[in-house]
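Listed below are the residues making up each chain.
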Amino acid sequence: MNQTTAVQTPRISGTRLLLPLALLSVYLIWGSTYMAISVALQSWPPFMMASIRFLIAGAALYAGLRMRGMPSPTLRQWLNAAFAGSLLLGIGNGAVCYAQQTVASGLAAIAIASMPLFAAIFGVIYKTWPSRVEWLGLVIGFSGVILLNFGNGLDGSPLGAVALIMAACAWAFGSVWSQRQDMPPALMNTAAQMLCGGVILGVVALLHGERLHAMPSLPATLSLAYLIVFGSLVAFSAYLYLLNNVRPLLATSYAYVNPPVAVLLGMLFLGEQVHGIDVFAMLVILAGVALIAFSKATRRAPTTSGS
C-alpha cells in the first residue's frame, strides 16, 4: 500500500465547499437522529431497527453505484469495511439504539460527546498527537457537555450509560483505524460499511430474540425512513468523506454539536424546557468546536491510497 503523507493542492481547493457542507450535515442531521431514534423505538426493536436502516440504505447506494459502473470492493476492502462497519455501526450505532430504550435522547447525545476524547487517545497509538489548541478545544467542549448535563438534569439506567460509553469508544477507534486502511473509494466505502454493519446488526437482533409484535405506527415508520435517507445516506456519507479529508478530531467534533441540537429539538417538538445554563453550555461547546476547527485539524493524518 502506498502511503500519502500530505494533501495535494488541487484536493484542498476542491474540498473548500464540500468540507463545510459535510460538517453541517453531521452537525445538524446527526443531532436530529437521536430524537428520530426515540420515536422509531416506540414500535421497532433496537437492533432490528438499526439493521433495517443500514441494510436498505447500503443496498440502495451499492446498487446505484454499481449501475453507474463503479467496481465492487476487493476482498481486502470488504474485510476492512466489515471490521469498520462492525465498530461504527454494529457497536457504535447499535449500542446507542439499545441505550435509548431507557436513556433520554438528550443524554445519549451528551454521552456520545465523549467520543472525540477517545479519538484523541486512539490517535496517539498512530502517533497523531493533538496540538495544544486542539487539546484546549477538547477540554472546553467536554466542559460544556458536563454543564449541559447538569442543566438538563437528565438521567438514565446504568446499563444504558455503559452502552453509550462503549458506543463512543467503538466509534472513535473505528474512525481512527479506518483512516489507515485500504478502504473502498468514496461512496462505495459508505455502502460497504452500511451493508456489513446492517448484516451484523441483523444477526444481533436474531440472537437477541427481537420480533415485531404489532404493526409499527406511522410516526415510528416515518422516523425510520428519515434515519435511512438522511441519517445514513446523507450524513454517514458526509462523515466518511470527512474522515478522508480531515484529521479525526475535526471529523468527530460533531459529537460536541449534537447535544445542543438534540436538546433544542426536544424543546421545540417534545416540549422539553431549556434553561439559562443550557444556553451557556451550548455556547461553551461551540467554542470548543471552533478551536478544533480553526486549528491545524484540516491537515490530514497519514492514510493509505485506498481510503
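Residues numbered from 1 in each chain as written. Predicted model: local features only at pLDDT ≥ 70, side-chain atom pairs only at ≥ 80, totals over all residues. Heavy atoms only, no water.

So what's going on with the nonpolar core? Residues and values would help.
In terms of nonpolar packing, the biggest core is built from 80 residues, with M49, W171, F236, Y239 and Y254 touching the most fellow members. The leading source of residues in this core is helix 2 (residues 18-40), at 12 residues. In this structure F236 touches W30, L88, L89, W171, T190, Q193, M194 and G231, once residues within four positions along its chain are discounted. One finds A81, A84, W177 and M183 within the second-largest nonpolar core, a separate group that totals five residues. (Core = buried A, V, L, I, M, F, W, Y, C linked by side-chain atoms within 4.5 Å. Buried < 20%, exposed > 50% of the residue type's maximum accessible area, 1.4 Å probe, protein only. Helix = DSSP H or I, 4+ residues; strand = E, 2+ residues; numbered from the N terminus. Contact = heavy atoms within 4.5 Å.)

Break down empty space enclosed by the protein for me, with residues and values.
Enumeration according to the criterion identifies five cavities of 30 Å³ or more in this entry. In this model, the largest cavity occupies a volume close to 250 Å³. W30, Y34, N93, W171 and Y254 are, among the 17 residues lining the largest cavity, the residues nearest its centre. Looking at the lining of the largest cavity residue by residue, the classes come out as 11 nonpolar, five polar and one charged. (1 Å grid on protein atoms, 1.4 Å probe; cavity = no way out; pocket = protein on both sides within 12 Å on 5 of 7 lines; lining within 4 Å. Points joined across faces, edges and corners; volume = space filled by probe spheres on them. Nonpolar A, V, L, I, M, F, W, Y, C, P; charged D, E, K, R; others polar.)

Explain helix 10 (residues 218-245) residue by residue, including any values.
Between its terminal C-alpha atoms helix 10 stretches 38 Å, which fits the 40 Å expected from 28 residues at 1.5 Å a residue. The largest bend along helix 10 measures about 30 degrees and falls at L227. Two or three places before A220, at the start of helix 10, stands the capping residue S217, its side-chain oxygen 3.3 Å from that residue's backbone nitrogen. (Expected span 1.5 Å × (residues − 1). Bend = angle between axes of the 7 residues up to and from the residue. Polar contact = N/O pair within 3.5 Å; in protein donor to acceptor, adjacent residues only side chain to side chain.)

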